[in-house]
Amino acid sequence: MEEEETININLIIADRPYPLKIKVSEEQDIRIAAKEINQKVKDFQKSYSAKDKQDYLAMCALMYGVESITNKKQSASIDLEI
């Protein structure tokens, strides 16, 4: 089985650099996710007063976690209907 090529990229999330080694096929999705996280952090900064960007990142993680659970429940419900 052939292994997929990996590349090194640097992402900035909430003003901190994160060097990553990823599969080439994942790069676009990872960059889109990082962009969405950065936008959500900015949105939270406008709406809430927190002491630290880590607080905004925690709110992003919670929001995306709830969204993931909701999507899994909806998918399971659709599977049962089929």
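All of these numbers come straight from a predicted model, not from anything done at the bench.

Reading the values: rules and limits
- Throughout this document, residue positions are counted from 1 along each chain, in the order its sequence is written.
- Per-residue local features of the predicted model are confined to residues with pLDDT of at least 70, and side-chain atom pairs are confined, for both listing and counting, to 80 or more; whole-chain, interface and lining totals are unaffected and use all residues.
- Working from all heavy atoms in the structure, the side-chain values ignore hydrogens and water.
- Put simply, buried Ala, Val, Leu, Ile, Met, Phe, Trp, Tyr and Cys residues joined by side-chain atoms within 4.5 Å make one nonpolar core.
- Exposed residues in this analysis have more than 50% of their type's maximum accessible area, buried residues have under 20%, and partly exposed residues fall in between, with area computed by a 1.4 Å probe over protein chains only.
- In what follows, a contact means two residues having at least one pair of non-hydrogen atoms within 4.5 Å.
- A run of DSSP states H or I qualifies as a helix once it reaches four residues; a run of E qualifies as a strand once it reaches two. Both are numbered from the N-terminal end.

1. Considering the nonpolar core
- Residues Ile9, Leu11, Ile13, Ala14, Ile22 and Ala34 constitute the largest nonpolar core, which totals six residues.
- Residues in contact with Ile9, not counting those within four places in the same chain, are Tyr18, Pro19, Leu20, Ile22, Glu27, Ile30 and Arg31.

2. A short note on unusual backbone geometry
- Positive phi is not limited to glycine here, since Ala14 has a value of about 50°.
- Mapped onto the fold, Ala14 is located in the loop between strand S1 (6-13) and strand S2 (16-23).
- The residue Asp15 is not glycine, and still its phi comes out positive at about 65°.
- Assignment of secondary structure puts Asp15 in the loop between S1 and S2.

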